[in-house]
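For reference, the chains in residue letters:
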Amino acid sequence: MAMKTPKTGNTSKSSKSHSNVGCNGKGKLSKSEYLERLAPLQLELNTAAQWLQQTGQRLVVLIEGRDTAGKGGVISALSETLNPRQCRTVALGKPTEPERSQWYFQRYVAHLPSAGEIALFDRSWYNRAGVEAVMGFCSPEQTASFLKQAPVFEKLLVDDGILLFKYWLTVDQAQQEERFTERLADPLKRWKLSPIDLDARRLYKQYGEARERMLKATHSRHAPWTLVDFNDQRRGRLTLIRHLLDHLPDVRVPQARIKFPALAHKPLLEKFSGKLKPLPSL
């Protein structure tokens, strides 16, 4: 198949308005229907990963959004069927003291992909325009400097051949409240709640204002933003993955045939000498 030219972000001719894709008022998607729709998309993701590996292309996907928007879920959907040696998730904690003295982008550069690799950023350098700005972890001057530097930094990445996609997951406050309540009630999800998350409830409007400043300053032709409605997380995941695949070349890499002859004997059982034995099955 002839290779299409790789595209990034949205396909609008204008760089003034970001792409906005979402649920269009559709009802919630059941788990069974979601899994049925996800399976062929994950097959396409594997095909795209094979193309990346063969050509040495590098793919960076930034997943940004409010707390509870669904960043971790969509990253899992993107990566769970891919080779973990090729596709990795980057989820950095707060910067260390030495990192605070570095050029702001420096610690993120170390996690950019090499040839054939995929890097999925669960939050990214845009922390400076969001949580750091709203919570006062950086000065207004530092935020302003970041908003000027980010498009330049991203232009350098794209000019070097990196395929860069930036997604913002949108979620209304009613849905956010429902998800916070679910995390509070579920001991397996309570680790997701932090004091900063709780402040996000009180500062919902301020986070929205910070996001608008960020989009205005950093939505560009070479690195556009795409907004995805994540009020229904299942539909949001499918929409985001479909958008990403539609903007990567549709190329099937020929697969080498693997010979898999039958065993020349009956299958053998595991045997252990000495005192070490497998644990009893539950």
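Keep in mind that what you see is a predicted model, and the values were worked out from it rather than measured.

K.L.:
Hey, could you run me through the overall build of the protein in this one?
P.N.:
Of regular secondary structure, the protein possesses 10 helices and 6 strands. Projecting the C-alpha coordinates of the protein onto the three principal axes gives extents of approximately 70 × 50 × 50 Å. Across the 282 residues in the protein, those meeting the buried criterion constitute 43%. Taking contacts inside the protein between residues at least 6 apart in sequence as the whole, the part at least 24 apart equals 81%. Only carbon and sulfur atoms are counted for the fraction: they give 56% of the accessible area of the protein, which is about 16900 Å². Distance between charge centres in the protein, computed from 44 positive and 29 negative side chains, equals 4 Å.

K.L.:
Even after reading the chapter, I still don't get the packing of helix H1 (residues 31-55) against helix H10 (residues 233-246), so can you show me in this structure?
P.N.:
Helix packing for two helices is described by the angle between their axes and how far apart those axes are. Remark: H1 packs on H10, axes separated minimally by 10 Å, with the N-to-C direction vectors making an angle of 20°. If you check the angle between H1 and H10, you find them roughly parallel. Relative to H10, the crossing made by H1 is left-handed. In this structure, H1 uses Lys-31, Tyr-34, Arg-37, Leu-38, Leu-41, Glu-44, Leu-45 and Ala-48 to contact H10, whose residues at the interface are Arg-234, Arg-235, Arg-237, Leu-238, Ile-241, Arg-242 and Leu-245. For the contact of H1 with H10, the residue count by class is 8 nonpolar, no polar and 7 charged.

K.L.:
Where do I start with the pattern of salt bridges in this structure?
P.N.:
Any two side chains of opposite charge can pair, given that their charged atoms come close. Considering all chains together, one arrives at 16 salt bridges under this definition. Close ionic contact of Glu-177 with Arg-201 constitutes a salt bridge, the shortest N to O distance being 2.6 Å. One end of the pair, Glu-177, is in helix H7 (residues 173-185); the other, Arg-201, is in helix H8 (residues 195-202), and 24 residues separate them in sequence. Glu-177 gets classed as partly exposed once you look at its relative accessible area, which sits at 26%. Its salt-bridge partner being Arg-242, residue Asp-246 comes within 3.1 Å of it at the nearest N-O pair.

K.L.:
Teacher, can you tell me more about the nonpolar core here?
P.N.:
Considering soluble globular proteins, one finds that nonpolar side chains tend to be buried as a cluster. Among the nonpolar cores identified, the biggest contains 36 residues, and Leu-59, Ile-63, Ile-118, Tyr-167, Leu-169, Leu-240 and Ile-241 are the most heavily contacted of them. Secondary structure elements with two or more residues in this core: H1, strand E2 (59-65), helix H2 (71-79), strand E4 (118-122), strand E5 (163-170) and H10. Among the elements that take part in this core, H1 stands out by supplying 8 residues, more than any other. The contacts of Leu-240, once residues within four sequence positions are left out, are Ile-63, Val-74, Leu-78, Tyr-167, Leu-169, Val-228 and Phe-230.

K.L.:
How should the side chain of Thr-143 be read in this particular structure?
P.N.:
Position of Thr-143 among the secondary structure elements: in helix H6 (residues 140-159). In this structure Thr-143 touches Arg-128, Ala-129, Ala-133 and Cys-138, once residues within four positions along its chain are discounted.

K.L.:
Honestly, H10 in this entry has me stumped. Any pointers?
P.N.:
Residues that lie three or four places apart on an α-helix share one face, since the helix turns once every 3.6 residues. Over its 14 residues, H10 extends 20 Å from the first C-alpha to the last, a length consistent with the 20 Å expected when each residue adds 1.5 Å. Along H10, the residues that are buried comprise Arg-235, Gly-236, Arg-237, Leu-238, Leu-240, Ile-241, His-243, Leu-244 and Leu-245. Measuring from the backbone nitrogen of Arg-234 back to the side-chain oxygen at the start of H10 gives 3.1 Å, which picks out Asp-232 as the cap.

So, how was this worked out
Residues numbered from 1 in each chain as written. Predicted model: local features only at pLDDT ≥ 70, side-chain atom pairs only at ≥ 80, totals over all residues. Heavy atoms only, no water. Helix = DSSP H or I, 4+ residues; strand = E, 2+ residues; numbered from the N terminus. Buried < 20%, exposed > 50% of the residue type's maximum accessible area, 1.4 Å probe, protein only. Contact = heavy atoms within 4.5 Å. Areas by Shrake-Rupley, 256 points an atom, 1.4 Å probe, with all protein chains shown as cover. Lys, Arg positive; Asp, Glu negative; His and termini not counted. Charge placed at Lys NZ, Arg CZ, Asp CG, Glu CD. Axes fitted to C-alpha atoms, helices over the stretch in contact; angles between N-to-C directions. Parallel < 35°, antiparallel > 145°, perpendicular 65-115°, else oblique. Left-handed = near helix turned anticlockwise from the far one by under 90°. Nonpolar A, V, L, I, M, F, W, Y, C, P; charged D, E, K, R; others polar. Salt bridge = Lys/Arg side-chain N within 4 Å of Asp/Glu carboxyl O. Core = buried A, V, L, I, M, F, W, Y, C linked by side-chain atoms within 4.5 Å. Expected span 1.5 Å × (residues − 1). Polar contact = N/O pair within 3.5 Å; in protein donor to acceptor, adjacent residues only side chain to side chain.

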